[in-house]
Amino acid sequence: MNDLVKAYLARLGLDAEKPSIEALTRLHQAHVERIPYETFWIHLGQDWGIDAMESFRRAATTRRGGYCFQLNGGLHTLLTHLGYRVSIHPANVHGAEGPEHIKLENHAAIIAEGLPSENNPNGRWWVDVGLGDALHEQMPLMDTTVNQDSMQFGMEAMDKDGVGDWHLIADPSCWIAGVNMAEQPASMSDFVDRHHFNMHSPESGYAKVVTAQLRKPHGKTILRGCVLTKTDGEVVTTHISTSLPEWQEVLDEEFGLTFENVPEISLKKLWVKVQKIHEEWVQTREST
């Protein structure tokens, strides 16, 4: 286990430290900057689960990422081994319409405790590396508004008629509008049904468009299909890959993603699918 912890930290570019809010911030920022939110495993037919130890081992020994259940599950395991007091909690990522379900099931977030700071004396934090282009560092669990570089996030306690106990309000530039979370702890096994839906349902957005995302100190880097968009402050650049080798180069250079254990034929089939979706999108856009 010590070797896996060392390997995980090496991927983050960090040394082991005693638990502190400063060390947690370094861990959170390095995680969202270096380990991508990605759904390639779904589109390549890799049957990844959401067992936290499985996610922890993958993050430590490969250059792959995952989505919310896997990223937060892996980080939760790392933080536990580093001595942090952390727990997994059920949550609901939502769009502008607000949370759609009273049952919190489409996201799993982390609460860290015992880390008081000047701005958060209660020492409780919402830790979340599974939101793609959103949080760059943890959020205090208290009614507050926090600026993270050029982005602004809010946190509010929910009343008894609300969904969950806490509501994270995302910056308008994010792909989500917010997340509701409950104080009641959960285990990763509670999300197996939702995970299966995400992988296999025709209604699942995860299964429709392949994506990779990293949060950067002053922006974000996002790939959807073959379109790469990089935001650095107010500067936004776009690049469209036109061949499989170029696409793989972008994935490696921008996200650190390589696919050593994936058959070349699987990557070729996915590239053909991505090209077709992009061409259909272009034609639709031109016709309108």
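So, here is what we can say about the structure in this document.

Rules and cut-offs
- Residues numbered from 1 in each chain as written.
- Predicted model: local features only at pLDDT ≥ 70, side-chain atom pairs only at ≥ 80, totals over all residues.
- Heavy atoms only, no water.
- Helix = DSSP H or I, 4+ residues; strand = E, 2+ residues; numbered from the N terminus.
- Rg over C-alpha atoms; globule rule 2.2 N^0.38 Å.
- Contact = heavy atoms within 4.5 Å.
- Areas by Shrake-Rupley, 256 points an atom, 1.4 Å probe, with all protein chains shown as cover.
- Lys, Arg positive; Asp, Glu negative; His and termini not counted.
- Charge placed at Lys NZ, Arg CZ, Asp CG, Glu CD.
- Pairing = 2+ DSSP bridges.
- Salt bridge = Lys/Arg side-chain N within 4 Å of Asp/Glu carboxyl O.
- Buried < 20%, exposed > 50% of the residue type's maximum accessible area, 1.4 Å probe, protein only.
- Axes fitted to C-alpha atoms, helices over the stretch in contact; angles between N-to-C directions.
- Expected span 1.5 Å × (residues − 1).
- Core = buried A, V, L, I, M, F, W, Y, C linked by side-chain atoms within 4.5 Å.

Helix and strand counts for the protein stand at 8 helices and 13 strands. Taken over C-alpha atoms, the radius of gyration comes to 19 Å for the protein, in line with the 19 Å a tight globule of 288 residues would show. The principal-axis extent of the C-alpha atoms belonging to the protein is close to 55 × 45 × 40 Å. In the protein, the share of contacts with a sequence separation of at least 24, taken over all contacts with a separation of at least 6, comes to 57%. Accessible area of the protein: about 13700 Å², with a carbon and sulfur share of 50%. In the protein, the 25 positive side-chain charges and the 40 negative ones have mean positions that sit 5 Å from each other.

To continue, consider the pairing of strand β12 (residues 227-232). Strand residues, when the strand is regular, have side chains that alternate between the two faces of the sheet. Note that strand β11 (residues 219-224) and β12 share 6 bridges and pair antiparallel. By the bridge assignment, Arg224 is partnered in β12 with Val227. In this structure, the hairpin formed by β11 and β12 is closed by a connection of 2 residues, where Gly225 is found at a positive phi of approximately 65 degrees. Relative to strand β13 (residues 235-240), β12 runs antiparallel, the two being bridged by 6 bridges. Across the sheet, the residue bridging to Leu228 is His239, located in β13.

Bringing the sheet that holds strand β9 (residues 178-181) into the picture now. What the 8 strands build is an open sheet, ordered β5-β4-β3-β2-β9-β8-β7-β6; its pairing is antiparallel. Edge positions in the open sheet fall to β5 (139-140) and β6 (144-148), since each of these has one partner strand only. Looking at chain direction, strand β4 (residues 125-127) and β5 are connected through 2 bridges and run antiparallel. Residue pairing in the sheet places Trp125 in a bridge with Pro140 of β5.

With that settled, consider the pattern of salt bridges. Counting across every chain of the model gives 9 salt bridges. Note that Asp252 is salt-bridged to Arg63, the shortest N-O span being 3.0 Å. Of this pair, Asp252 sits in helix α7 (residues 244-255) while Arg63 sits in the loop between α4 (52-61) and α5 (68-81), and the two are 189 residues apart along the sequence. By relative accessible area, Asp252 is classed as partly exposed at 31%. The partner of Lys220 in a salt bridge is Asp133, with the nearest N and O atoms 3.2 Å apart. Of this pair, Lys220 sits in strand β11 while Asp133 sits in the loop between β4 and β5, placing them 87 residues apart in sequence. The two residues Lys220 and Asp133 agree in class, both being buried. Among the charged side chains, a salt-bridge network with shared partners connects Glu113, Arg124 and Glu183.

Another aspect to go through is the pairing of strand β7 (residues 151-157). One ladder, built from 5 bridges, connects β6 with β7; its direction is antiparallel. Bridged to Asn147 within β7 is Gln152. Direction of pairing for β7 relative to strand β8 (residues 166-169): antiparallel, over a ladder of 4 bridges. Among the inter-strand pairings, Met155 is bridged to a residue of β8, identified as Leu168.

Across the sheet, 5 strands lie side by side as β1-β10-β11-β12-β13; this open sheet has antiparallel pairing. Here the strands that pair on one side only, and so sit at the sheet edges, are β1 (37-38) and β13. This element, α7, spans β10 (211-216), β11, β12 and β13 of the sheet and lies at about 155 degrees to β11.

Attention shifts here to the environment of Cys226. Structurally, Cys226 can be placed in the loop between β11 and β12. Overall, Cys226 belongs to the buried group, its relative accessible area being 3%. Distance in space between the C-alpha atoms of Cys226 and Asp47 is 23 Å, their sequence separation being 179 residues. Ignoring any residue separated from it by four or fewer positions in sequence, one finds Cys226 in contact with His239, Ile240, Ser241, Trp247, Trp271, Val274 and His278.

So, on to helix α2 (residues 21-34). For α2, spanning 14 residues, the distance from its first C-alpha to its last is 20 Å, which sits close to the expected 20 Å at 1.5 Å a residue. All of the buried residues in α2 are Ile21, Ala23, Leu24, Thr25, Leu27, His28, Ala30, His31 and Val32. Looking at the buried positions of α2, the neighbouring elements they touch are α1 (2-12), α5, β3 (107-113), β4 and β10.

Here we take up the nonpolar core. In globular proteins that are soluble, nonpolar side chains generally tend to be buried together. Counting 45 residues, the largest nonpolar core has Tyr8, Leu27, Leu78 and Tyr84 as its most contacted members. Of all the elements in the fold, those that place two or more residues in this core are α1, α2, α3 (40-43), α4, α5, β2 (85-94), β3 and β4. If sequence neighbours within four positions are ignored, Tyr8 has contacts with His31, Ile35, Phe56, Ala59, Ala60, Gly74, Leu75 and Leu78. Counting residues in hydrophobic clusters, the runner-up holds 21 residues, among them Leu135, Met155, Trp166 and Val179.

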